Amino acid sequence: NAGVTQTPKFQVLKTGQSMTLQCAQDMNHNSMYWYRQDPGMGLRLIYYSASEGTTDKGEVPNGYNVSRLNKREFSLRLESAAPSQTSVYFCASSEAPGARGAFFGQGTRLTVV
Amino acid sequence: AQSVAQPEDQVNVAEGNPLTVKCTYSVSGNPYLFWYVQYPNRGLQFLLKYITGDNLVKGSYGFEAEFNKSQTSFHLKKPSALVSDSALYFCAVRRSGATNKLIFGTGTLLAVQP
């Protein structure tokens, strides 16, 4: 059972470069999320998609864009990477509200130099 | 707005002793509350949830949590800690209703000494 799959696992970018983080889930979940994890900050929500065709900003959306390509896939794009975006990024998915909570991918460790 | 507070950055406990990891929340309406655990270099794993019903919720690995509406708390507990319980623990809240936004606390590092 794959669950939530994120690619890549590691990435180093130069300031100003762009990249897309990919996420796919095979659990037929409606909701998908992108979080970033930084020391002492916990997980902060960047964007989420409550259902296919909808996306909403989370707590820290600046510098990011997302695409809910279909029910399975939810990508996160950094148009012009900055050192402040160095972080570990997690994708997650969940069923409708009140279900078993969210399932997380293994994370992408991104370094912007 | 919804928020979660985990007041302790780290909790230290001896193996075999009971443990508590604290969580308080703020949300309008009825909350859905969750605990997750993160081991080094891994994603988060679901431990347990409170949606409705019995205030004492039992979850994976012998953990339980007690929902206290008057104190807006959802503390994680275990009667007897194991060294293997050492990890980072996150509390999360989601407002009931249409929105699915899941908000996390800052995490508490649990260190269980042998």
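Asks: How do you make sense of the side chain of A:Ser75 when you look at a structure like this?
Replies: Summarising the element assignment, A:Ser75 is placed in strand 8 (residues 74–78). Other than its neighbours up to four places away in sequence, A:Ser75 contacts A:Thr20, A:Leu21, A:Gln22, A:Trp34, A:Asn65, A:Val66, A:Ser67 and A:Leu69.

Asks: For this particular structure, what's the right way to read unusual backbone geometry?
Replies: Most of the time, phi is negative for any residue but glycine, and the peptide bond is trans. Residues and elements named next belong to chain A. In the segment running from Thr7 into Pro8, the intervening peptide bond is cis, with an omega of -10°. With respect to the helices, strands and loops of the structure, Pro8 is situated in the loop between strand 1 (4–7) and strand 2 (10–13). Residues other than glycine seldom take positive phi values, yet Asn28 does so here, at roughly 60°. Secondary-structure assignment places Asn28 in the loop between strand 3 (19–25) and strand 4 (31–38).

Asks: Would you take a moment to explain the nonpolar core for this structure?
Replies: Within soluble globular proteins, side chains that are nonpolar tend to cluster in buried spots. A:Phe104, B:Trp35, B:Tyr36 and B:Phe104 are the most contacted members of the largest nonpolar core, which totals 46 residues. Counting residues in each nonpolar core, the second largest holds 19 residues, with A:Met19, A:Cys23, A:Leu76 and A:Val112 among its members.

Asks: Got a minute to help me understand the side chain of B:Gln2 in this structure?
Replies: All names here are of chain B. Assignment of secondary structure puts Gln2 in the segment before strand 1 (3–5). At 3.2 Å, the side chain of Gln2 forms a polar contact with the backbone oxygen of Val93. Ignoring sequence-local partners within four residues, the contact set of Gln2 consists of Ser26, Val27, Val93, Arg94, Arg95, Lys101 and Ile103.

Asks: When you look at the environment of B:Ala92 in this model, what are you seeing that I'm missing?
Replies: If you trace the backbone, B:Ala92 turns up in strand 10 (residues 87–95). When residues no more than four places from it in sequence are discounted, the contact partners of B:Ala92 are B:Val4, B:Tyr32, B:Leu33, B:Phe34, B:Tyr36, B:Leu102, B:Ile103 and B:Phe104.

Asks: What is the right way to look at the state of the cysteines in this model?
Replies: Joining two cysteines, a disulfide is a covalent bond between their sulfur atoms. Under the criterion given, the structure shown has two disulfides over all chains. Shown here is the disulfide that connects A:Cys23 with A:Cys91, its sulfur atoms set 1.8 Å apart. Between A:Cys23 and A:Cys91, the S-S dihedral sits near -75°, and the bridge is therefore left-handed. Pair noted here: A:Cys23 is in strand 3 and A:Cys91 is in strand 9 (residues 87–94), with a separation of 68 residues, a long-range link. Paired through a disulfide, B:Cys23 and B:Cys91 show a sulfur-sulfur distance of 2.0 Å. For the disulfide bridge between B:Cys23 and B:Cys91, the dihedral angle about the S-S bond is near -65°, and by the sign convention the bridge is left-handed. In this pair, B:Cys23 is assigned in the loop between strand 3 (19–21) and strand 4 (24–26) and B:Cys91 in strand 10, connecting sequence segments 68 residues apart.

Criteria and thresholds
Residues numbered from 1 in each chain as written. Chains lettered and ligands numbered in written order. Predicted model: local features only at pLDDT ≥ 70, side-chain atom pairs only at ≥ 80, totals over all residues. Heavy atoms only, no water. Helix = DSSP H or I, 4+ residues; strand = E, 2+ residues; numbered from the N terminus. Contact = heavy atoms within 4.5 Å. Core = buried A, V, L, I, M, F, W, Y, C linked by side-chain atoms within 4.5 Å. Buried < 20%, exposed > 50% of the residue type's maximum accessible area, 1.4 Å probe, protein only. Polar contact = N/O pair within 3.5 Å; in protein donor to acceptor, adjacent residues only side chain to side chain. Disulfide = S-S within 2.5 Å.

Any functional reading would require information that these geometric values do not contain.
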